[in-house]
Amino acid sequence: SAVEVHLASEARYVDSTPAPTVMPTPKPSAAPTPRPTRSPTPKPTIAPTPRPTAAPTPRPTAPPTPRPTAAPTPKPTAAPTPRPTTAPTPEPSAAPSGWSFEPIYINVGGFSFTDSKGIEWQADKYFVNGQTSLADDLVSIAKTNDASLYRSERYGTFKYEIPVGGETNDFSVTLYLADIYSGTQNMGDRRFSIALEGSVAFENLDIVQEAGGGYTAMNKTATVTVADGKLTIEMIKDVQQPKLSAIEVHTASNARYVDSAPFVPETNAPTPKPTAAPTPQPTAPPTPR
């Protein structure tokens, strides 16, 4: 609690208990506070971020497109165009008892007309399709006294369906023809066929060749059996357009004679000797109504 210090000669008695020798309390030497050595903060080594190596995107290998082997296109075999079969000319049959038939005269492509023999021709009728043409009255037609019959025409793809009554009968059909188109005035310029009741009656008809020139009249006559009450005349194209100028129809037993001798062009072939044919006796035409 306290410290008392005297010189030894002046010491006073103090409690016999010797005072403990007070050792000076060593002052602790202040050890220098070690300063922590700052070790350098290691800078983290930034490892370069490895860039992913872009693997080349594999391009799909396009398999070669197989080229189809071109099969040879089969050429269609041209089937021959069937032409109506030419029927044999039937023998005229007698008209049924009690049946009468008025002859038919049609001015094809034209108007009603009375010819030089006094026969009255009806205006164009009973046709199916086709176009008409009419030549000027000044156009001359050779080999006829009735040029008006040949100046009119129906041409193209057409037919006539002429009522002739309900009885099966044989008919004489005369067709009047002349080529009046300036573009078909040579042989071979126009050729066509004509069928009666589905059978060819005149094949590869060349008007200029048979008539002996253009703007020249000629007639063609054939006999045909009609069973359905309707006479069908059909024009069949070959070269250029078929054409027709007039139609005359009689029963085969009452047919009148119409001059229709064909023109035969000269050739180098030997001239055949003509066979004498019996001269047909002209039948007087019925008095027109």
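Just above sits the structure.
Analysis parameters
Residues numbered from 1 in each chain as written. Predicted model: local features only at pLDDT ≥ 70, side-chain atom pairs only at ≥ 80, totals over all residues. Heavy atoms only, no water. Core = buried A, V, L, I, M, F, W, Y, C linked by side-chain atoms within 4.5 Å. Buried < 20%, exposed > 50% of the residue type's maximum accessible area, 1.4 Å probe, protein only. Contact = heavy atoms within 4.5 Å. Phe/Tyr/Trp six-rings, centres within 6.5 Å; stacked < 30°, edge-to-face > 60°. Helix = DSSP H or I, 4+ residues; strand = E, 2+ residues; numbered from the N terminus. Lys NZ or Arg CZ within 6 Å of the ring centre and 35° of its normal. Pairing = 2+ DSSP bridges. Salt bridge = Lys/Arg side-chain N within 4 Å of Asp/Glu carboxyl O.

A. Representation of the nonpolar core within the structure. In terms of nonpolar packing, the biggest core is built from 29 residues, with Ile 162, Leu 231, Ile 233 and Ile 247 touching the most fellow members. Setting aside chain neighbours within four positions, we find Ile 247 in contact with Ile 104, Tyr 105, Ile 106, Val 108, Trp 121, Tyr 160, Ile 162, Thr 174, Leu 175, Tyr 176 and Ile 233. Counting 14 residues, the second-largest nonpolar core is a separate cluster that includes Phe 113, Ala 135, Tyr 176 and Ile 180.

B. Structural context of the packing of aromatic side chains. Here the structure, examined in full by the defined rule, presents six aromatic pairs. Judged by centre distance (5.2 Å) and plane angle (70°), the ring pair of Tyr 105 and Trp 121 falls under edge-to-face. With Tyr 105 in strand β1 (residues 104-107) and Trp 121 in strand β3 (residues 120-123), this pair connects stretches of sequence that are 16 residues apart. Measuring from ring centre to ring centre gives 5.9 Å for Tyr 150 and Tyr 176, while their planes differ by 45°; the resulting arrangement is tilted. In this pair, Tyr 150 is assigned in helix α1 (residues 147-151) and Tyr 176 in strand β8 (residues 169-177), connecting sequence segments 26 residues apart. Ring pairing ties together the aromatic residues Tyr 105, Trp 121, Tyr 150 and Tyr 176, which thus form one cluster. Positioned over the ring face of Phe 127 is Arg 154, at 3.6 Å from the centre of the ring.

C. Broad picture of the pairing of strand β10 (residues 199-205). Relative to β10, strand β9 (residues 191-196) runs antiparallel, the two being bridged by four bridges. Within β10, the residue paired with Leu 196 across the bridge is Ser 199. The turn joining β9 and β10, which pair antiparallel and follow one another in sequence, is formed by two residues; a positive phi near 55° is taken by Glu 197.

D. Structural view of the pairing of β9. Within β9, five of the six residues are buried, which leaves it mostly tucked inside the rest of the structure. Here β9 pairs with strand β12 (residues 230-239) via six bridges, running antiparallel. The residue bridging Ser 193 from the neighbouring strand is Ile 236, located in β12.

E. Up close: the environment of Tyr 126. Tracing the sequence through the fold places Tyr 126 in the loop between β3 and β4 (127-128). Along the sequence, Tyr 126 and Pro 163 sit 37 residues apart, while their C-alpha atoms lie 8.2 Å from each other. Apart from residues no more than four positions distant in its own chain, Tyr 126 is found in contact with Ile 106, Lys 159, Tyr 160, Glu 161, Ile 162 and Pro 163.

F. Local environment of the sheet that holds β4. Ordered in space as β4-β7-β12-β9-β10, the five strands form an open sheet in which the pairing is antiparallel. Of all the strands in the sheet, just β4 and β10 have a single pairing partner and so form its edges. With two bridges joining them, β4 and strand β7 (residues 159-163) adopt antiparallel strand pairing. Across the sheet, Phe 127 pairs through a bridge with Tyr 160, a residue of β7.

G. Just the pattern of salt bridges, in detail. Inspection of the entire model under this criterion finds seven salt bridges. Residues Asp 124 and Arg 154 are paired through a salt bridge, measuring 2.9 Å at the closest nitrogen-oxygen approach. One end of the pair, Asp 124, is in the loop between β3 and β4; the other, Arg 154, is in strand β6 (residues 152-155), with 30 residues separating them in the sequence. Here Lys 159 ties to Glu 161 by a salt bridge, and the two come within 3.2 Å at their closest N and O atoms. In this structure Lys 159 comes out as partly exposed when scored by relative accessible area, which is 28%. The exposure class of Glu 161 is partly exposed, given its relative accessible area of 25%. Among the charged side chains, a network of salt bridges with common partners joins Lys 159, Glu 161 and Lys 230.

H. Structural context of the sheet that holds strand β13 (residues 243-244). Spatially, β5-β6-β13 is the arrangement adopted by the three strands of the open sheet, whose pairing is antiparallel. Across the chains shown, the open sheet's two edge strands, defined by having one partner strand only, are β5 (131-134) and β13. Two strands pair when backbone bridges link them, and β6 and β13 are joined in this way by two bridges, in the antiparallel orientation. When the sheet's bridge partners are listed, Arg 154 is paired in β13 with Leu 244.

I. Quick peek at the environment of Ile 104. Checked against the element boundaries, Ile 104 lands in strand β1. Its relative accessible area of 8% is what places Ile 104 among the buried residues. Between the C-alpha atom of Ile 104 and that of Trp 121, which follows or precedes it by 17 residues, the distance is 8.1 Å. Setting aside anything within four residues of it in sequence, one finds Ile 104 in contact with Gln 122, Ile 162, Pro 163, Val 164, Ile 247, Glu 248 and Val 249.

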